Structures are given as structure tokens and as C-alpha cells.
Amino acid sequence: MPVLTEAQRLFFETNGYLMVEGALSPAELAAVRRAADTAEDRWRRRPDLPGNRVPEFEQIDAILEYDPLFFDLVEHPKVFPLVREVLGPDVALLDHAYYMTPPGGLVKGSAWHTDVGHRIFGVYHPRSAIMARVIYALTDVPENGGATLVLPGSHHYPVDFPVPGAKWPEEMPGHVRLACKAGSAYFYNGNLWHAPSNNRSDTVRRVLLFNYGHRWMRMWKGHEPSPWLAEQAKTPMRRQLLGLCRAYYGPDAEYPAPAGA
Amino acid sequence: MPAITLEQRYFFEANGYLVVPDALPPDQLARVQAACEAAEERWRADPDLPGVRRHDLDQVIGILEYDPVFLEVLEHPVVLPLVRELMGPDVMMIDNDYFITPVGATIHKGWHYDEGFPGVYHPRSRLMIKVFYVLQDIPQNGGGTVILPGSHVFFGTRPVNTEVPEDMPASVRMCLPAGSAYLMAGRAYHCVGNNLSELRRKLLIYTYGHKWMRIWDGYLPSERLAAQAATPMCRQLLGLTDPYGPNAPLGAAAGVG
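This is a predicted model, so every value here is computed, not measured.

(A) Region of interest: the overall build of chain B. Scanning chain B from terminus to terminus reveals six helices and ten strands. Taken against the 2.2 N^0.38 rule, which gives 18 Å for 257 residues, the C-alpha radius of gyration of chain B at 17 Å falls within 12% of a compact globule. Dimensions along the principal axes, computed over C-alpha positions, put chain B at roughly 45 × 45 × 35 Å. The buried share among the 257 residues of chain B stands at 47%. Restricting to contacts in chain B with at least 6 residues of sequence separation, those with at least 24 account for 81%.

What follows is the structure in C-alpha cells.
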């Protein structure tokens, strides 16, 4: 049975993104924030842990390796079924991260991009759904708080469509700013044009990102699951999500996982 | 200079397949045939080695693991550049096999696509190209691959599936002399033919995809094979590079610049 409402399905197909307000309950949000804070503390103490460590943008790569709670988010019942319906029953995880964007950085207009357009050859992206990126907001993200900007409908653009240049991300004509409350989630087709915006608020923007693809696709480099993480994949769906299943043969994992799996 | 002529490109784009006559010169063909015979002997002697052992098909899975000459063919100086032009610079090996179709093998309603993934708009995508090297002459009734030209861009209803492969309307048969190669889009509708000749059909088959795709189950290169990858392109072909990072140049190993 479809899980996207007709309104959601049409909105996503038309615009290439979907907002799920209140995806996390207050209790869930508080627990995830605690786990994210602990991960951040560990990451700061260990410069060898992977990520991006420039002051205006910090990124903890492979966030699933830090706390089992993040794996629960990958299968969150209010969001994951929607993503699975968009991508198909062979859905898998490609990469995952925790982004922290403090105020004061400088993002230029060249930051506009798609996740797949110049990276995934061979797929006709204007009519495909090869990736979908889910973003959970762990803090309120106001209009001027570094919200993701998207160009609605641009996932249908062919690869050579002339998207105009802009000096600053916020100058792109026709864009929409995905400002949202903490606990909200949104996801977009990997072929959607998007950009981070400048954080001119007085708070750090904190978001978790989970990039989904298909089980026959390879994981992003550095996101191959550790033995610790693989051990947590107790269900067929979790094994599929981590790429610990056959790539092409055999059935896709059932969802929800059968009892006792 | 492009590695593909306009005639080759237009033919492939229109038909979904392309024949490369004399891809293997006689001396290389002889070496490949000898290596295949040795591989087959070893494979038959050891049932633990992976493969398909049916009355209508013997399939030696992972033929690259048997002899370095098969890696040489994977990087064929004429064929690989053609595949790369048609697939993109991120080309990678997905699987590799030695197929033997016994005399008398027949198939019923075997027409299929190799590609059919959720989320992908296949009529305008190209995820795989399969390359077949003919190791022994395939006569008209010798089980040559039957292809429905142009079907790689069909959309909507799947074409009919005929009881006898060769009965498919408008189809063509890959009945070719030894040493030939033919390329086929993974979305081309095709079927193995009925082998009603007195010759076993022997093919070396390489499927190429993109490096962001997983290698087919059971074909991950062994450490021994991986150690043979002497060039960046060979490492890319064996899935040993960053799946979403820079692409390898063709390089000297492929005979191009």
C-alpha cells in the first residue's frame, strides 16, 4: 500500500523535494541531540576521525559509527517509508554525516549543484530517482540560518540545462528556502539543484544527513560499515541498507522486517 | 582522435549492439582459446569452483581469475575504448565469464533485458554494456545471441517472448567467425539462441558498468587478481578505486595516449 499521500506524491514529483514537519517527537529530538553532542565531543578530541574541519563548516563523516541511535533514524517510521517508496524496494544507504554550520561563513553562488548530475554517468536523471538525501534538522533553521536552498522542479532538468550563475546562493531566481523547526526532516531527489545558504543568524545550524540510493550501488568512500556497525544490522532491511547483501540477485528486504528476523 | 567512428556510434545508438570484426588477431585468439581450455579443464575437475553446470549451459564464473590473458582482453586496446566512449569515463567491470553452450541446447521463452532497476528510466539510461568475444565460429544454427535491434530504447510494454528465440520478429543473430567481438547494451532485449549445430558455442563475456555500481555478486577480484592491476584504468575496471572520485585515463595499457 502506498505510504505517500497523493498530495505528497504529486508535490515530490513536481518539485523534487518534500518537507516532513515534526518528523521527530520532542523526546526523539532530545535523544538525538544528546547523541550528536556526544559524537561531536568525541570527534573534536580525535583529529584522526574523518570529516571536514574548516571553521565555517564542520562535517562529521560516517555518523552512524558513533551511536546506535543514528541507525534508528535511518529507518525512522515517519520518513524512511516515504524514501523507500520514492527510490524503490532496493533502497540502500550511500553515505551519512552530521553537519554543523556556524554563523559567519561565506558561501558563494557556485555552491549550487546536483548530487548526481556530473558524478553519476549512464543514468537519465531527469526521469530517474537514483539518490534521495534526507536531512533532519536538530536545531531550528530560520530563513537566515543557513537553510538549504532548492530550485523546485530542477530534478527534471537535462544535464546540459543552462542554470544561471549567481554571485551568492540566495540570488538564484526561483529558489525556495527550506527553513524549518528542529525535529523536521526533508528529502530531495539527488538530481535537484540545491545549495547551502549563508548563516546570518546567531546559532549554529545542526543537521543530520542520510543519502539513500539502491543496493546495487557502491557506498561512498569511507562509509563502508565497520564490524561494530555491521553487527547492529540485525534485520534483512538493515543489512540491505548497509550494503551487506547481494547486490543484484535475490529479493529485496521486506519492510517492515518480518517478526523474528 | 575519438576511439569510435561516427558509423559505429550511430549504429550502436540506433540498434543497441555493435560488431567488431577481427577484434582478436589470430595469435591472441590462439592464446585465449588455450587459456579457456585450461580453465575449463580445471573448472570441470573442481566442482567447488563457481559456475553454472547445467545440461544447456556451462558457465565458468570469474574467468579473470584463471589466467592473466583474460585481464589483457578486459583492457582490449580497441574494444575497451569503444565501451568507454559509449558508457562514460567511469567504466568498470561488473562481471566476467566463459560461456559454453553445448550442442543441442535449446531455450524456451528466454528473451530478457539485463537491466531493470527501480528508480532508473531505462529507455534513456545506459548502465551496462556486455562484450562478447567469439572463440569459435558460430554458424547460423549455432546458438548465437539473438538481439532485437533498437529495443534498448523501447518504453512501455515489454516486447513479446517467443517460444523459439529465433522466431522473434525483426531480430538478428550473432553468428560470427572466431575472433569477432560484439557489444550489446544491457537494455537490449536478447536471448541465447538454440544450438542446433554440431559445435559447442564458446564465448568470453565481460559486462561493463560504472564504477559507482557494485560488482555482480561473486565477482569481486581476489587479492591475487587485484595485484595484477598495473594501471589506474585496470584498477578502476576491477573496482579498486573511489566509486565517486576522479576517473582513470585510458592510459598506455589500453594503447591510447
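More follows now that the structure is in view.
(B) The arrangement of the overall build of chain A in detail. If you tally the helices and strands in chain A, you get six helices and ten strands. Taking 18 Å as the expected radius of gyration for a compact globule of 261 residues, we find that chain A reaches 18 Å, a close match to that expectation. Each principal axis of the C-alpha distribution contributes one length, and for chain A these read about 55 × 45 × 30 Å.

(C) Here's a closer look at the sheet that holds strand S9 (residues 190-191) of chain B. All names here are of chain B. An order of S7-S6-S9 is seen for the three strands of this open sheet, with the pairing classed as antiparallel. In this open sheet, the two edge strands, each paired with only one partner strand, are strand S7 (172-173) and S9. Pairing of strand S6 (residues 146-147) with S9, which is carried by two bridges, proceeds in the antiparallel orientation. Bridge pairing links Val146 to Cys191 in S9.

(D) Broad picture of the confidence of the model for chain B. Taken residue by residue, chain B gives an average pLDDT of 95. The fraction at 70 or more is 97%. Residue range residues 252-257 of chain B is modelled with pLDDT below 50. Its contacts to residues more than four positions away, or to other chains, number 14 contacts.

(E) Fine view of the sheet that holds strand S4 (residues 91-101) of chain B. Residues and elements named next belong to chain B. Strand order in the open sheet formed by seven strands is S1-S8-S5-S10-S4-S3-S2, and the pairing between neighbours is antiparallel. Two strands bound the open sheet, and with one partner strand each, they are strand S1 (17-20) and strand S2 (51-54). Neighbouring strand axes in the sheet, compared pairwise and without regard to direction, differ in orientation by 20° on average. Pairing between S2 and strand S3 (residues 57-61): four bridges, direction antiparallel. In the strand pairing of S3, Val52 is matched with Gln59. On top of the sheet, helix H4 (residues 79-87) reaches S1, S4, strand S5 (129-134), strand S8 (181-185) and strand S10 (201-210); it is set at about 160° to S5, its chief contact.

What counts and what doesn't
Residues numbered from 1 in each chain as written. Chains lettered and ligands numbered in written order. Predicted model: local features only at pLDDT ≥ 70, side-chain atom pairs only at ≥ 80, totals over all residues. Helix = DSSP H or I, 4+ residues; strand = E, 2+ residues; numbered from the N terminus. Rg over C-alpha atoms; globule rule 2.2 N^0.38 Å. Buried ≥ 20, exposed ≤ 12 C-beta atoms within 10 Å, placed from the backbone. Contact = placed C-beta atoms within 7 Å. Pairing = 2+ DSSP bridges. pLDDT = per-residue confidence, 0-100. Axes fitted to C-alpha atoms, helices over the stretch in contact; angles between N-to-C directions.

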